[in-house]
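Coordinates in review
If you want the building blocks of each chain, they are given just below.
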2 protein chains.
Amino acid sequence: MIISFNMVMKARRQAAVLELVGGEDIRSQEQLRARLRARGHRVTQATLSRDIRDLGLLKRSADGAYQQPGAEPQVPPAAGAALQKAMAEYASGVDCVQQLVVVRTGAGLAQPLALAIDRAKLQDVVGTLAGDDTILVISRDARHAKALARQLEAWSQFA
Amino acid sequence: MIISFNMVMKARRQAAVLELVGGEDIRSQEQLRARLRARGHRVTQATLSRDIRDLGLLKRSADGAYQQPGAEPQVPPAAGAALQKAMAEYASGVDCVQQLVVVRTGAGLAQPLALAIDRAKLQDVVGTLAGDDTILVISRDARHAKALARQLEAWSQFA
DNA sequence: CATCGCGAAGCATAAATATACATCATCATG
DNA sequence: CATGATGATGTATATTTATGCTTCGCGATG
């Protein structure tokens, strides 16, 4: 294989793609295209589709952003799995008001479940407050709260 | 929150989605829709788009299949990184015929590179066969072989 | 120099996915 | 019972992504 000018440009562009995707949320190939153009790479969406496939990137359905495999800021899998089991076992309902998520549990189960939530260290959980059968999860803002509630609710539904 | 019939159906359907995605390669929501219909769930693509978002699934650009976060059969990052370096250093070309991937190397380098491929335990590599300057990687089928070849080729290009 | 091979990339378009809006079911309440 | 809230879903469509085919650049070769 001869190393041509085109191939060098391709490698440099793909390196830039990795850097961009790692640094901010890129939700579409057109958005990526704009960022690359600002760095001097002028290509079409079709080329980016191929680059993304070659690089093996993943697209998160939750928010539409691309990520590299292995990079999973969402749920550190170990803690996440434990929380998932705890939610399935203890939680009876999840609700969301403003930036707060309310988790209902059976009587006396709020404390242990809140502990599991704390241990999971979910990125946008600011803190938790547990009573007897209710947990208040405080999130950074309404948007994060909504996503968080969806996640918790999905987990809680596998009894 | 009242638990309605609809919500139970939704939870059962989403459980089925996770099971299906874990068990085989699902590459489109229409394909998923067909599988679900065989299990008695009749819904539209739009609903599946929402389910997939709620479940936080990831879509692999490499082969278009959905996966759960954390499940990364593709490239266990440690071994993968070693292989990536080995490919960059030793490989000179990658080709794909049917379910076979042919990797060309410099003279005498096939054995060590084949070893690196074996160690990476890539999910759809059935086995490898190394001569002096050529490695034959046997994959499960043509589709997997194509994806594998793309990945190996991408790695080999960062010299 | 003509021509061929090959990888990269563009163009046009197909395929896949997301979403605004409408509808329906379910339960609460006057 | 009428009315209203809420959540799930369907319908139609917009948005996003993938791909068949063509073109271009660059070296190899006759």
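This write-up is about the structure you can find in this document.

So, how was this worked out
- Residues numbered from 1 in each chain as written.
- Chains lettered and ligands numbered in written order.
- Predicted model: local features only at pLDDT ≥ 70, side-chain atom pairs only at ≥ 80, totals over all residues.
- Heavy atoms only, no water.
- Near = heavy atom within 4 Å.
- Polar contact = N/O pair within 3.5 Å; in protein donor to acceptor, adjacent residues only side chain to side chain.
- Helix = DSSP H or I, 4+ residues; strand = E, 2+ residues; numbered from the N terminus.
- Nonpolar A, V, L, I, M, F, W, Y, C, P; charged D, E, K, R; others polar.
- Contact = heavy atoms within 4.5 Å.
- Buried area = accessible area lost by both parts, 1.4 Å probe.
- Salt bridge = Lys/Arg side-chain N within 4 Å of Asp/Glu carboxyl O.

Our focus in this paragraph is the protein's contact with DNA strand D. Around DNA strand D there are 21 residues in total, and Gln29(A), Arg50(A), Lys59(A), Arg13(B) and Thr47(B) lie nearest to it. Taken together, the sugar and phosphate atoms account for 61% of what DNA strand D places within 4 Å of the protein. Within the backbone of Gln29(A), one N or O atom sits 2.6 Å away from a phosphate oxygen of DNA strand D. Within the contact set of DNA strand D, a phosphate oxygen lies 2.9 Å away from a side-chain nitrogen or oxygen of Thr44(B). Only helix 3 (45–55) of chain A together with helix 1 (5–23) and helix 3 (45–55) of chain B provide two or more residues apiece to the surface near DNA strand D. For the surface near DNA strand D, the leading source of residues is helix 3 of chain A, giving five residues. Broken down by class, the residue content of the surface near DNA strand D amounts to six nonpolar, seven polar and eight charged.

On to the interface of chain B and chain A. With 27 residues of chain B in contact, the opposing surface of chain A contributes 24 residues. Surface buried jointly by chain B and chain A totals about 2,200 Å² across both partners, of which 55% is contributed by carbon and sulfur atoms. There are zero salt bridges connecting chain B and chain A. Seen at the junction of chain B and chain A, the total is three residue pairs in polar contact (both at pLDDT 80 or more).

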